[in-house]
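Coordinate analysis (summary)
Residues per chain are reported as follows:
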Amino acid sequence: MPPTPALKDYAQADVNRSLTPEDKIHFFREMARIRRFEQTALKHYNGGKMGGFLHLYIGQESVAVGTVSLCGEHDHVITAYRCHGHALAVGMEMNPCMAELFGKATGASKGKGGSMHLFDPENNFWGGHGIVGGQTPLGLGLAYGVKYKNQEGCCLCYLGDGAVNQGAFHESLNIAALFELPVVYVIENNGYSMGTSQTRSSAYKHCLAQRAEAYDMEWDVVNGEDLYEVRAKTQIAMERAKKESKPTVLEIDTYRYYGHSVADANAKKYRTPEEINQYRAHHDPLRLWRRRLVEEGVLTEEQADAIDKEAKQEANASATFAIESPAPEVAEIFDDVYWETDNNTEAANTGRHFFND
Amino acid sequence: MRELLYRHAIREALDEELARDENVVVMGEEVAEYNGAYKVTEGLWDKWGDKRIVDTPISEAGFIGMGIGASMLGVRPVMELMFWSFHSVAFDQLVNNAANVRYMSGGLCHCPIVMRGPANGGTAVGATHSHCPEGLFAAFPGLKVCSPATPADVKGLMKTAIRDNDPVYVMENTLLYGTKGPVPDPEDGDHLVPLGKADIKREGSDISLIAHGRSVLRALEAAETLQSEHGINAEVLDLRSIRPLDQQAIIDTVMKTNRVVLVDESKPFCGVSAQITTLIQEHAFDHLDAPVKRVCALDAPAIYSPHIEDEQLPNPKRIIEKVLTLA
Ligand SMILES: Cc1ncc(C[n+]2csc(CCOP(=O)(O)OP(=O)(O)O)c2C)c(N)n1
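Keep in mind that what you see is a predicted model, and the values were worked out from it rather than measured.

Here the focus is the sheet that holds strand 3 (residues 53-55) of chain B. Residues and elements named next belong to chain B. Read from one edge of the open sheet, 7 strands run 3-2-4-5-7-6-12, paired in mixed fashion. Strand pairing shows two members of the sheet lacking a second neighbour, strand 3 and strand 12 (241-243), which therefore form its edges. In this sheet, neighbouring strand axes are inclined to one another by 20 degrees on average, regardless of whether the strands run parallel or antiparallel.

So, in structure tokens, the structure goes:
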């Protein structure tokens, strides 16, 4: 892991000083909701209720909640397959998210996307993408769209520490700087890409965000366990995007507690139990935030427990909703392939798009 | 009707659509200041400026992905690939993002983007510059693919493609850019050619030659010789669009002539012609008087040698020989 910079209290940063107690409690609630959602999903995945992969976000909650908390009307979010945290943070309801994991017709993508492909354009959330690094040029495009429409906004594009080695990411950085696009690339450095530690995947081991210098771009490293720091540094990057139309690379240090996905057979092999326990015990963003709010007198332990309980209940209810929801009809396999097929044009009536018959 | 060069017909389509919809942008390598590697976009930058006509770095995955992302927000990018052979550099964006985003989002997102540029060989540019990937992309549900043969068709299809709400890949051909043909006058109204509608380029009764792209011109040449030297009256069906595919037109022509030779500049193995052969055997088998035959590019990477390159392609000589085996 790259060294975290000298500890500084970001509670006094402008963007945090103006927070009301309700705002701070809201962040706690959002992080708790993500955690409970993930734990519930894990339980049902292990119960054989879901297909494919389940990439849990547990341990990284402060990144999604902290960064997304700064988004306004014209800001957009796009991420990779570890997307549940971002989806809930942007305002997606648990029910459609959970039902999507279960592959049900009531899922956000009607059961067509699955865990890795959550979308919510109404909340400016553009997925959920399964190809490592493949979303990075799309993030560029969202920023391009914002600029083209003369809006004051930007795109937050998330990627992992493994994705920084994809060519598409390097191409994106070059174009972002060349075209002066309002994009903030947020590298969620959880130390591992699947079973490969960051030091074994990147030639320059010291810092990933610094690669931005090669593209004449600003960058920063963020301690992800502190929500105040996440917000303070992300805000600077977003301001740069909005006011100067300049991109930034942020590297946020964080950690995932579970395997790469729940199906990760080697989850306990490439990291020592000591390492994992160390993070859980001392660097957990949810517990640190909770403690902080109690110290600040914003929240009592009882209130925190109550919020957590509500989150757990909400997650359980979403699982019940998902379980009770119907699966998609087989005929729906052909929906949502082509716009015009769904919008009943002449071509739709003749079914010329499909080669099945 | 006035005659236009194929390249100018495309330019006219772009120009008209740029004027019609301010969300349309033209993007690609050398499309702006340089005036287009094939002069297709000549003059557009002067007229529309930096915002609408955008030069990109040589960065296919980067700029095509950017176009796809922008299209999700309502921009309507028309992306030039300097050669369709370079699709491989951006393949992830072309097939994982453009083709899938609508489906994976359960219809919440769509990508109104056009990818265009020259496919195919014929200009002695060797194997890395002669790919003919229309069948490849037609294999991905979510994408639309067309391959217009004439100036009128390329103009009409390009305009349709730009207005379409799905990703449309328009495969042009370097050797077609300099061909001329009648194109309806803009004064006479919007010239639109629908996707998925084939066109009979030559009526005939003895055999059907089914082709798309430049192969249509080769089939037409062959048909003239077949008529004058062999008394065979061939019908030439131009598919124009590969996906959506005009299945009815294919079946109709087979029912009319009962014999068919497919002319396809892509490779035979898993190619467009293989798909059409299947279609015919499933839907019109009883109407065939002879097996379906194909004239494709010979199944090897594109050869450089300008002396024999044309032998690898479905040239009129090969078409005629194949037709005569059925006579
Ligand atoms: C192009 C591509 N290669 C490989 C994979 C398989 N894969 C999925 S996630 C992953 C690890 C990526 O790690 P990182 O970018 O650090 O993100 P994290 O999982 O830590 O969030 C791999 C190898 C893939 N989905 N796409």
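Right, let's talk about unusual backbone geometry for a bit. Here the residue pair B:Arg243 and B:Pro244 is connected by a cis peptide bond, since its omega of 0 degrees sits within 30 degrees of zero. For B:Pro244, the position within the fold is in the loop between strand 12 and helix 9 (247-257).

Our next topic: the confidence of the model for chain B. Within chain B, residue pLDDT values average 97, and 100% of them lie at 70 or more. Note on the complex model: pTM 0.94, ipTM 0.92.

Attention now moves to the pattern of salt bridges. All names here are of chain A. Inspection of the entire model under this criterion finds 46 salt bridges over all chains. One salt bridge connects Arg35 with Glu61, and the closest N-O pair in it is separated by 2.7 Å. With Arg35 in helix 2 (residues 21-46) and Glu61 in helix 3 (residues 61-68), the pair connects residues that are 26 residues apart, well separated along the chain. When its relative accessible area of 0% is taken as the criterion, Glu61 is described as buried. Note that Lys242 is salt-bridged to Asp75, the shortest N-O span being 2.6 Å. Placement of Lys242 in helix 9 (residues 227-244) and of Asp75 in the loop between helix 3 and strand 1 (76-79) is noted, with a sequence separation of 167 residues between them.

All right, on to the layout of surface pockets then. Residues and elements named next belong to chain A. Roughly 470 Å³ of internal volume is contained in the largest pocket. Put simply, the parts of the chain that give the lining of the largest pocket at least two residues each are strand 3 (155-160) and strand 5 (192-193). Ranked by residue count, the leading element in the lining of the largest pocket is strand 3, at 3 residues. For the lining of the largest pocket, the residue count by class is 12 nonpolar, 13 polar and 4 charged.

All names here are of chain A. Interaxial distance between helix 6 (residues 135-148) and helix 7 (residues 167-178) falls to 8 Å at its minimum, and their mutual angle equals 20 degrees. Classified by the angle between their axes, helix 6 and helix 7 sit roughly parallel to one another. Residues Thr136, Pro137 and Leu140 of helix 6 form the contact with helix 7, whose own contacting residues are Ala168, Phe169, Ser172, Ile175 and Ala176. Along the lines of polarity and charge, the residues of the contact of helix 6 with helix 7 split into 6 nonpolar, 2 polar and no charged.

Below, the discussion takes up the interface of chain A and chain B. Every contact between the two is made by 45 residues of chain A and, on the other side, 60 residues of chain B. Taken together, both faces of the contact between chain A and chain B bury some 4,300 Å²; the carbon and sulfur share is 62%. Our enumeration of links across chain A and chain B arrives at 2 salt bridges. Here A:Glu340 and B:Lys144 are joined by a salt bridge, their closest N and O atoms 3.5 Å apart.

Turning next to the domain arrangement of chain B. All names here are of chain B. The domain architecture assigned to chain B consists of domain 1 (2-188) and domain 2 (199-325). Computed over C-alpha atoms only, the centres of domain 1 and domain 2 are separated by 26 Å. Listed as interface residues are 29 residues of domain 1 and, on the opposing side, 22 residues of domain 2. The junction of domain 1 with domain 2 conceals about 1,900 Å² of combined surface from both sides, 60% of it contributed by carbon and sulfur atoms.

All names here are of chain B. As for its placement among the helices and strands, Val114 is situated in strand 5 (residues 114-119). Separated by 35 residues in sequence, Val114 and Ala149 have C-alpha atoms that sit 18 Å apart. If we ignore the near neighbours within four places in the chain, the residues touching Val114 are Pro77, Val78, Met79, Met158, Ala161, Ile162, Val168 and Val170.

With that settled, the discussion passes to the sheet that holds strand 13 (residues 260-264) of chain B. All names here are of chain B. Strands sit in the order 9-11-10-13-14 across an open sheet of 5 strands; the sheet is mixed. Every interior strand has two partners, whereas the edge strands, strand 9 (199-202) and strand 14 (293-296), have only one. Here the strands of the sheet are splayed against their neighbours by 25 degrees on average, with no regard to which way each runs. Across 4 bridges, strand 10 (residues 207-211) lies against strand 13 in parallel orientation. Paired with Leu209 across the bridge in strand 13 is Val261. Those strands touched by helix 8 (residues 214-230) are strand 9, strand 10, strand 11 (234-238) and strand 13, and its axis lies near 170 degrees from that of strand 11. Packed onto the sheet, helix 10 (residues 272-283) meets strand 13 and strand 14 and runs at close to 155 degrees relative to strand 13.

Cut-offs and rules
Residues numbered from 1 in each chain as written. Chains lettered and ligands numbered in written order. Predicted model: local features only at pLDDT ≥ 70, side-chain atom pairs only at ≥ 80, totals over all residues. Heavy atoms only, no water. Pairing = 2+ DSSP bridges. Helix = DSSP H or I, 4+ residues; strand = E, 2+ residues; numbered from the N terminus. Axes fitted to C-alpha atoms, helices over the stretch in contact; angles between N-to-C directions. pLDDT = per-residue confidence, 0-100. Salt bridge = Lys/Arg side-chain N within 4 Å of Asp/Glu carboxyl O. Buried < 20%, exposed > 50% of the residue type's maximum accessible area, 1.4 Å probe, protein only. 1 Å grid on protein atoms, 1.4 Å probe; cavity = no way out; pocket = protein on both sides within 12 Å on 5 of 7 lines; lining within 4 Å. Points joined across faces, edges and corners; volume = space filled by probe spheres on them. Nonpolar A, V, L, I, M, F, W, Y, C, P; charged D, E, K, R; others polar. Parallel < 35°, antiparallel > 145°, perpendicular 65-115°, else oblique. Contact = heavy atoms within 4.5 Å. Buried area = accessible area lost by both parts, 1.4 Å probe. Domains from an automatic or database assignment.

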